[in-house]
Amino acid sequence: MQILKKLSLLTVGASFLASSLMAQTFKVLTPPDPNSIPLLVLEAKQKLFLGKDTLKVAKAPSGDISAMKAIMNDKKVDVALFNFIAGGKFYSQGIDHLRLAGVHVWGGVGILSKKEIKPNDWKALKKTRGFALPAIKTPPHMFAMAAMKKNGLNPKRDVKIAGMGPAVAFNTMSMKNRAPSFVLAPEPLLSIVLFKQEKENWEQKYHIFADSAKAITGKSGATPLGAFWIIDDKTKNINNLIDGFNKAIQYINNPANKKEVAQIIAKGFKKHFGQKVPPKVFENTLDRGILKLQFKDAKTVKKQVMKFWSSKGIKVDENIFYKK
């Protein structure tokens with residue numbers, strides 16, 4: 001009887017040890033843009049959506065491509081959330097262990113203009129100057145350029161666009177004699193501008209000129225942008241992370257959770273990015289409709305992203321796509 005009892009205790013101990021070893025802590029890299037929103041909600045709800053697994057959020061190096069490549073090469077994180085175009089470029093440049101699990105951001109970039117310029121009056125932008133936040137050659141800039149081109153402008157000739165950090169841009173935008181005619185920005189920066197201009201009573205006021213994704217694609221308003229990249233393909237339980245990430249997106253998209261989600265995002269932005277943003281800003285972001293979150297796996301988006309990469313001269317092969 002005593003031997004059976006000892007064996008039973010050993011079995012329980014072994015089972016506990018095995019389950020502990022099976023648990024995974026995922027390190028996930030993200031910039032402070034629409035990519036991060038599902039991750040911050042997943043972090044707050046990880047017990048509900050990930051079970052035994054946990055995650056750590058790491059801030060992506062802002063605008064530093066070399067630092068980003070170093071993180072990819074050295075596999076310092078398990079997963080990174082960033083635009084699918086850049087991921088394709090990294091892969092084509094030799095970082096061929098990257099795997100695209102899917103696309104989860106289909107909007108979230110737009111154009112603000114002075115209130116004197118009517119929304120979608122593309123001709124009114126001709127011979128004007130604007131800012132691209134946080135820089136040129138980022139998704140807000142690239143997709144706004146495509147939207148301008150589709151609506152009859154030559155963005156390289158008809159407008160002047162300078163890259164600029166948010167703090168300097170906000171200061172310049174607030175003054176009538178220095179304000180640019182338009183600003184290209186991602187959420188939640190769009191919502192932050194609209195919030196700050198009223199709170200601080202800017203001399204110059206802005207409004208939404210266009211949803212860049214909608215201006216490109218029309219009714220659907222959906223253009224692939226933010227992607228879920230697996231950096232270390234030896235990471236265990238990755239399917240559990242993908243499923244949890246998808247559940248977080250579904251939670252965000254439920255209107256009943258709007259206030260709670262806004263509170264979670266505000267706390268996450270302060271904790272991980274050092275940005276103190278009122279929850280009301282994120283409520284406005286969710287209400288505005290420019291942000292479009294929906295996880296579509298690699299198999300579903302394969303043709304769409306391959307076509308885009310090909311049009312940009314980015315050479316990838318089948319191995320770039322993660323297979324569950």
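One can find the structure itself at the top, above this paragraph.
A quick note: this is a predicted structure, and the numbers were derived from the prediction, not measured.

Draft legend 1. Just the overall build of the protein chain, in detail. A count of helices and strands for the protein chain gives 13 helices and 11 strands. Computed over its C-alpha atoms, the radius of gyration of the protein chain comes to 22 Å, within 12% of the 20 Å expected for a compact globule of 324 residues. For the protein chain, the residues scored as buried account for 52% of the 324 residues in total. Intrachain contacts of the protein chain at a sequence separation of at least 6 include 82% that bridge at least 24 residues. For the protein chain, the exposed surface amounts to about 16,300 Å²; the carbon and sulfur share of it is 54%. Placing the 54 positive and 24 negative side-chain charges of the protein chain at their respective mean positions leaves the two points 2 Å apart.

Draft legend 2. Expanded view of the layout of surface pockets. Here the second largest pocket is characterised by a volume of approximately 210 Å³. Lining the second largest pocket are Ala-101, Ile-242, Phe-295, Asp-297, Ala-298, Lys-299, Lys-302, Glu-318, Phe-321, Tyr-322, Lys-323 and Lys-324. Only strand E11 (293-297) and helix H13 (298-311) provide two or more residues apiece to the lining of the second largest pocket. Here the lining of the second largest pocket takes three residues from H13, the largest share from any one element.

Draft legend 3. The arrangement of the sheet that holds strand E3 (residues 79-83) in detail. Taken together, six strands build an open sheet; the order of strands is E2-E1-E3-E10-E4-E11 and the sheet is mixed. In this open sheet, the two strands that pair with only one neighbour each are strand E2 (54-59) and E11. Each neighbouring strand pair of the sheet contributes to a mean axis angle of 25°, computed without reference to strand direction. Relative to E2, strand E1 (residues 25-30) runs parallel, the two sharing six bridges. Looking at the pairing, Thr-30 lines up with Lys-59 of E2. Along the sheet, helix H2 (residues 36-44) makes contact with E1, E2, E3, strand E4 (99-105) and E11, crossing E2 at roughly 140°.

Draft legend 4. Layout of the nonpolar core. Ranked by size, the top nonpolar core spans 105 residues in total, and within it Met-72, Trp-122, Phe-228, Trp-229, Leu-241 and Trp-309 carry the most contacts. Broken down by element, the residue count for this core peaks at eight residues, all from helix H10 (residues 238-252). Excluding residues that lie within four positions of it along the chain, Trp-122 makes contacts with Ile-111, Ala-147, Met-148, Asn-151, Leu-153, Phe-209, Ala-210 and Ala-215.

Draft legend 5. Highlighting helix H4 (residues 65-74). Every buried residue belonging to H4 is among Met-68, Ile-71 and Met-72, and all of these are buried. For H4, the buried positions fall inside an angular range of 100° around the axis, keeping them on one side. Its buried side turned inward, H4 meets E1, E3 and helix H5 (84-92). Just downstream of H4, Lys-75 is the residue with a positive phi angle, here 50°.

Draft legend 6. Up close: the packing of H2 against helix H11 (residues 258-273). Their axes nearest at 9 Å, the elements H2 and H11 cross at an angle of 100°. As far as their axial angle goes, H11 and H2 are roughly perpendicular. Here H2 contributes Ser-36, Ile-37, Leu-40, Val-41, Glu-43 and Ala-44 to the contact with H11, which in turn contributes Val-261, Ile-264, Ile-265, Gly-268, Phe-269, Lys-271, His-272 and Phe-273. Broken down by class, the residue content of the contact of H2 with H11 amounts to nine nonpolar, three polar and two charged.

Draft legend 7. The sheet that holds strand E5 (residues 109-114), seen in detail. Strand order in the open sheet formed by five strands is E7-E6-E8-E5-E9, with mixed pairing between adjacent strands. The outermost strands of the open sheet, each flanked by one partner alone, are strand E7 (159-163) and strand E9 (206-211). Averaged over all pairs of adjacent strands, the angle between their axes in this sheet comes to 30°, without regard to strand direction.

Draft legend 8. View of the packing of aromatic side chains. The full count for this structure, using the stated rule, is 14 aromatic pairs. Judged by centre distance (4.9 Å) and plane angle (85°), the rings of Trp-122 and Phe-209 are edge-to-face. Taken together, the positions of Trp-122 in the loop between E5 and strand E6 (128-132) and Phe-209 in strand E9 put the pair 87 residues apart, joining distant regions of the chain. Centre to centre, the rings of Phe-228 and Phe-295 are 6.2 Å apart; their planes meet at 85°, and the pair counts as edge-to-face. In this pair, Phe-228 is assigned in strand E10 (residues 226-230) and Phe-295 in strand E11, connecting sequence segments 67 residues apart. Aromatic ring contacts, followed pair by pair, group Phe-84, Phe-143, Phe-308, Trp-309 and Phe-321 into a single cluster. Here the basic side chain of Lys-296 rests over the ring of Trp-106, its NZ or CZ set 4.8 Å away from the ring centre.

Definitions and cut-offs
- Residues numbered from 1 in each chain as written.
- Predicted model: local features only at pLDDT ≥ 70, side-chain atom pairs only at ≥ 80, totals over all residues.
- Heavy atoms only, no water.
- Helix = DSSP H or I, 4+ residues; strand = E, 2+ residues; numbered from the N terminus.
- Rg over C-alpha atoms; globule rule 2.2 N^0.38 Å.
- Buried < 20%, exposed > 50% of the residue type's maximum accessible area, 1.4 Å probe, protein only.
- Contact = heavy atoms within 4.5 Å.
- Areas by Shrake-Rupley, 256 points an atom, 1.4 Å probe, with all protein chains shown as cover.
- Lys, Arg positive; Asp, Glu negative; His and termini not counted.
- Charge placed at Lys NZ, Arg CZ, Asp CG, Glu CD.
- 1 Å grid on protein atoms, 1.4 Å probe; cavity = no way out; pocket = protein on both sides within 12 Å on 5 of 7 lines; lining within 4 Å.
- Points joined across faces, edges and corners; volume = space filled by probe spheres on them.
- Pairing = 2+ DSSP bridges.
- Axes fitted to C-alpha atoms, helices over the stretch in contact; angles between N-to-C directions.
- Core = buried A, V, L, I, M, F, W, Y, C linked by side-chain atoms within 4.5 Å.
- Arc of directions from axis to C-beta.
- Parallel < 35°, antiparallel > 145°, perpendicular 65-115°, else oblique.
- Nonpolar A, V, L, I, M, F, W, Y, C, P; charged D, E, K, R; others polar.
- Phe/Tyr/Trp six-rings, centres within 6.5 Å; stacked < 30°, edge-to-face > 60°.
- Lys NZ or Arg CZ within 6 Å of the ring centre and 35° of its normal.

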